[in-house]
Structure formats: structure tokens, C-alpha cells
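Residue strings, one per chain:
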Amino acid sequence: MSDIFREIEEELRRDNLLKLWARYRWYIVGVVGVALLIAGGIVAWRDYQVSQRRAEAARYAGAQSLARTGKEADAAKLFAGLAQAGGGYGVLAAFEQAELMARSGDRNGAAQAYDRIAASSELDRELRDLATLLSVMQGLPDQDPKAAIDRLQPLLAQGNSWHATALELTAAAKLKAGDRGGAAEVYKQLADDTSAPQQLRARAAEMTAALAH
């Protein structure tokens, strides 16, 4: 008897499945089709992204090669285009473009380029702080030293990656402002900072000694 009931149950299941298929087959086919289209689109998008990254890498390497061979104007144009495109190579290109400006003597243009990087909320704080530091470095000879000190203030916090360099620039800005005592104090702070690079500490110690006379 149990075999008969099992056969009847299986027959009912089969019949229900056939009815469900007859009623919803186009819906099921449509869902599967959409799923395949989405999967194909994702694969195509990933392939496109890989292709774009390779193209950006090639353009970046080409710009570097131009810069190394003295064709800095052509390199700057390539870096500018990459910087506008954004992405990882865009960030690197923006820094390279600013450096080329600085190297050519355009300190004001370089400072502005670094300021644009520093203002980009999409970047990590560490990169934005570096851009601020480099902007101050380029602008310090011509700008108000008090403005430079104010911009460097957030970078002086312990734990900031650019703390030591920000201290050195702050001391230089104070010296330019005529505050020899303040500059000597900051240089001594840097010279005594065991977490700072040895080269910066040695230079700060020399400046501390020089300002003491």
C-alpha cells in the first residue's frame, strides 16, 4: 500500500510542477535571462575597468619617460589629463604635475596644484596633508608666514605622518616672520623628537645652535 501512495504522491508533484511551469514558464525564462544579462554586464564592466587601468598605467609611464628625457612640457600635459580623469593614477599624476611646475620655477602654479589635491575630499587624509605640506613649502618664500603657520597647525599633531616636516616648516615660517625665539623653540622641539627622522633632527639641532647666538 505504501508504494501506491508514494506513486500517487510523486504523480501529484509532477502534475503540480507541470501546471506551475505552464503558468509561470515565461516569467521564469525572463528572470533567468535578466540574471544572465546582469552577470554578463558585470563581467564586461570588470573587463572595461581592467582595460582602463592598463591604459592609464601606460599613459602614466609615458609621461614619466617624457619627464626623464627633458620633455617636461609634454609630460605636464599628459599628467594634467590623467589628473582630471581621477582614479589612482590620477592622484599620482596630480602630484607629478605639481612637481614639474615647481621644478620649472612656477612656485605659485605648483602651490595651487597642491591646493587642489588637498581640497579633494575623495582622497585619504594622509595624501591631503602631504599636499598641504608641499603647497606651504612652495608658497612660503612669497606668502604671509603667519598664514603658512596656520595651515601647518593641524599637521603638528602627534601621530600625523608629516609631523616632523611640518615642525621644520613652522620653524622656518616663524623665522621669516621675525620670531627668532619662536623659531628656536620649534627647532629644539624637533631636535629632541626621537620619532623624527635623524636628518631632520640634525638639521634642527644646527638651527637651534645657530639661533642661540
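Residues numbered from 1 in each chain as written. Predicted model: local features only at pLDDT ≥ 70, side-chain atom pairs only at ≥ 80, totals over all residues. Heavy atoms only, no water.

Participant: Describe the overall build of the chain, naming the residues involved and giving the relevant values.
Facilitator: In terms of regular secondary structure, the chain is built from nine helices and zero strands. Ordering the α and β elements of the chain from the N terminus gives α-α-α-α-α-α-α-α-α. If you take every contact in the chain between residues at least 6 apart in sequence, the share linking residues at least 24 apart comes to 43%. Accessible surface, the chain: about 13,700 Å² in total, of which carbon and sulfur atoms supply 57%. (Helix = DSSP H or I, 4+ residues; strand = E, 2+ residues; numbered from the N terminus. Contact = heavy atoms within 4.5 Å. Areas by Shrake-Rupley, 256 points an atom, 1.4 Å probe, with all protein chains shown as cover.)

Participant: Before we move on, could you go through the packing of aromatic side chains and cite the residues and values that matter?
Facilitator: Under the definition given, this model contains one aromatic pair. Geometrically, the ring pair formed by Phe95 and Tyr114 is tilted, given 6.2 Å between the ring centres and 50° between the ring planes. Of this pair, Phe95 sits in helix α3 (residues 87–103) while Tyr114 sits in helix α4 (residues 107–118), and the two are 19 residues apart along the sequence. (Phe/Tyr/Trp six-rings, centres within 6.5 Å; stacked < 30°, edge-to-face > 60°.)

Participant: For the side chain of His163, give the residues involved together with the corresponding values.
Facilitator: Relative to the assigned elements, His163 resides in helix α7 (residues 163–176). Among the polar contacts listed, one links the side chain of His163 to the side chain of Gln158, at a separation of 3.5 Å. When residues no more than four places from it in sequence are discounted, the contact partners of His163 are Leu155, Leu156, Ala157, Gln158 and Asp193. (Polar contact = N/O pair within 3.5 Å; in protein donor to acceptor, adjacent residues only side chain to side chain.)

Participant: Could you give an account of the confidence of the model for the chain, with specific residues and numbers?
Facilitator: For the chain, the average pLDDT comes to 78, and 71% of its residues sit at 70 or higher. Across the chain, element-level confidence peaks in helix α6 (residues 145–152) with a mean pLDDT of 94 and bottoms out in helix α1 (residues 2–68) with 56. This model gives residues 1–5 a pLDDT under 50, and the stretch forms zero contacts once residues within four places in sequence are excluded. (pLDDT = per-residue confidence, 0-100.)

Participant: Describe the pattern of salt bridges, naming the residues involved and giving the relevant values.
Facilitator: Counted under the stated rule, the structure contains six salt bridges. Between Arg107 and Asp142 there is a salt bridge; the shortest N-O distance is 2.9 Å. With Arg107 in helix α4 and Asp142 in the loop between α5 (125–139) and α6, the pair connects residues that are 35 residues apart, well separated along the chain. The exposure class of Arg107 is partly exposed, given its relative accessible area of 33%. Residue Asp115 pairs with Arg151 through a salt bridge whose shortest N-O separation is 3.0 Å. Taken together, the residues span a long stretch of sequence, with Asp115 in helix α4 and Arg151 in helix α6 at a distance of 36 residues. Classification of Asp115 as partly exposed rests on a relative accessible area of 28%. Arg151 gets classed as partly exposed once you look at its relative accessible area, which sits at 29%. (Salt bridge = Lys/Arg side-chain N within 4 Å of Asp/Glu carboxyl O. Buried < 20%, exposed > 50% of the residue type's maximum accessible area, 1.4 Å probe, protein only.)

Participant: Before we move on, can you summarise the environment of Val91 with the specific residues and values?
Facilitator: Within the element layout of this structure, Val91 appears in helix α3. Distance from Val91 to Leu123, taken between C-alpha atoms, is 8.4 Å for residues 32 residues apart in sequence. Those residues in contact with Val91 that sit more than four places away from it in its chain are Leu123 and Leu127.

Participant: Go over the nonpolar core, please, and point to the residues and values.
Facilitator: Counting residues in each nonpolar core, the largest one holds 24 residues, and the members touching the most others are Leu133, Leu152, Ala166, Leu169, Tyr187 and Leu190. At the level of elements, α5, α6, α7, α8 (180–191) and α9 (198–211) are the ones that each hand at least two residues to this core. Contact partners of Tyr187, with chain neighbours within four places excluded, come to Glu168, Ala171, Ala172, Ala204, Met207, Thr208 and Leu211. Membership of the second largest hydrophobic core comes to 13 residues, among which are Ala98, Tyr114, Ala131 and Leu134. (Core = buried A, V, L, I, M, F, W, Y, C linked by side-chain atoms within 4.5 Å.)

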